[in-house]
Amino acid sequence: MKNSKAIVQKRQQAILQILQDRNHVSTEDLAGELSVSNLTIRRDLQELSGQGFVRIVRGGANLVNGTLYDDPSSDSEALSESHKKAIAQHAASLINDGDTILINSSTTAIQILPYITDKKVIVVTNNGLALSMDLAPGIELIFTGGEVRGNKKSMVGEMAVNNLSRIRASKAFIGVSGISARGGIFTSVLQETAINELMIRRSTQCIILAAGSKIGQQNNFQIGSARDASVLVTDDSAEPSAIYQLQELGIQVHQVSVQPEEETDGTNRNVREANR
């Protein structure tokens, strides 16, 4: 059942990618390209229509304008700057000297870089925001390349995927739009789905960074199973029951607490590993 759900989600993501390229596509063409029946495609289109992504028309579907572009909320609105820095600072403490790490386009994940101060680390990222950061001399920064999109300057597309597929990393730090024990790990930006999936697969350890409000939640596009995560770094606003369910899967949960008087620079924070 789980495999079946994952197959459906992947096929629906493929449909949205095709629609983004063409804006309109026929049911028959989709069935041929994805090697499934017309009936299966019609079911997928009905579901995507219900989610607001497509408008069904005679013989096919149109993409609803404005639904698949850059993440309107991202993690930049979900977290205050101080909370993002606190999560990132703790995440940086999990990095060892000599690590090769992957960092995705999350504005929280990229905040890790300034906190790597005394280690030699290779950082591979699709996050163009790293270009403007003042980095310690021990950091070797490598970009995936690819098409640069949106305010986050994320690098996506075939070039990024091809380059990333040649890298094996110690750890991946993935900022996400949702994670739940049953649903999995999610992003809200279609174009970044393939990169995030690949970063998870190409790393020995996957460390998820997420606001407490994203714990137990799902979003538009699944990038992995919750079991793909080794560690979750979040804040102390997360729902305890959602945390417990993730711990039951063997995920280590680190919760960062930022006190009101500490929120000026985010550098002082309390961290605890959530009790099971």
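Each remark here, short or long, concerns the structure printed above.
Keep in mind that this is a model prediction, so the values were computed, not measured.

### What to know about the overall build of the chain
Here is step 1: The helix and strand inventory of the chain stands at 8 helices and 16 strands.
Here is step 2: Classification of the 276 residues of the chain by burial places 51% in the buried group.
Here is step 3: Sequence-distant contacts in the chain: of pairs separated by 6 or more residues, those separated by 24 or more amount to 58%.
Here is step 4: When the accessible surface of the chain is summed, it comes to about 13,000 Å², and 45% of that surface belongs to carbon and sulfur atoms.

### Brief notes about the packing of aromatic side chains
Here is step 1: Applying the stated rule across the entire model yields 1 aromatic pair.
Here is step 2: An angle of 35 degrees between the planes, with centres 5.7 Å apart, marks the rings of Phe-53 and Phe-221 as tilted. Here Phe-53, found in the loop between α3 (38-50) and β2 (54-57), pairs with Phe-221, found in strand β13 (residues 221-224); they are 168 residues apart in sequence, far enough to count as distant.
Here is step 3: Classification of Phe-221 as buried rests on a relative accessible area of 1%.

### Digging into the pattern of salt bridges
Here is step 1: The final tally for this structure, using the stated rule, is 5 salt bridges.
Here is step 2: Between Arg-11 and Asp-44 there is a salt bridge, with its nearest N and O atoms 2.5 Å apart. Here Arg-11, found in helix α1 (residues 2-22), pairs with Asp-44, found in helix α3; they are 33 residues apart in sequence, far enough to count as distant.
Here is step 3: A relative accessible area of 2% places Asp-44 in the buried class.

### Here's the deal with α3
Here is step 1: Taking 1.5 Å of rise per residue, the 13 residues of α3 would be expected to cover 18 Å, and the 18 Å separating its terminal C-alpha atoms lies within 8% of that figure.
Here is step 2: Those residues of α3 that sit buried are Thr-40, Ile-41, Asp-44, Leu-45 and Leu-48. Down the axis of α3, the sector holding all buried residues measures 135 degrees, keeping them to one side. Of the residues in α3, the exposed ones pointing more than 90 degrees away from the buried face are Arg-43, Gln-46 and Gly-50.

### Section: the sheet that holds strand β3 (residues 60-63)
Strands pair in a sheet through their backbones, by hydrogen bonds, and they do so in one of two ways: parallel or antiparallel.
Here is step 1: Reading across the sheet, the 3 strands line up as β1-β3-β2 and stay open at both edges, with antiparallel pairing between neighbours. Edge positions in the sheet fall to β1 (24-26) and β2, since each of these pairs with one other strand and no more. Strand-to-strand twist in this sheet, taken as the mean axis angle between neighbours without regard to direction, amounts to 25 degrees.
Here is step 2: Direction of pairing for β2 relative to β3: antiparallel, over a ladder of 4 bridges.

About the criteria used
- Residues numbered from 1 in each chain as written.
- Predicted model: local features only at pLDDT ≥ 70, side-chain atom pairs only at ≥ 80, totals over all residues.
- Heavy atoms only, no water.
- Helix = DSSP H or I, 4+ residues; strand = E, 2+ residues; numbered from the N terminus.
- Buried < 20%, exposed > 50% of the residue type's maximum accessible area, 1.4 Å probe, protein only.
- Contact = heavy atoms within 4.5 Å.
- Areas by Shrake-Rupley, 256 points an atom, 1.4 Å probe, with all protein chains shown as cover.
- Phe/Tyr/Trp six-rings, centres within 6.5 Å; stacked < 30°, edge-to-face > 60°.
- Salt bridge = Lys/Arg side-chain N within 4 Å of Asp/Glu carboxyl O.
- Expected span 1.5 Å × (residues − 1).
- Arc of directions from axis to C-beta.
- Pairing = 2+ DSSP bridges.
- Axes fitted to C-alpha atoms, helices over the stretch in contact; angles between N-to-C directions.

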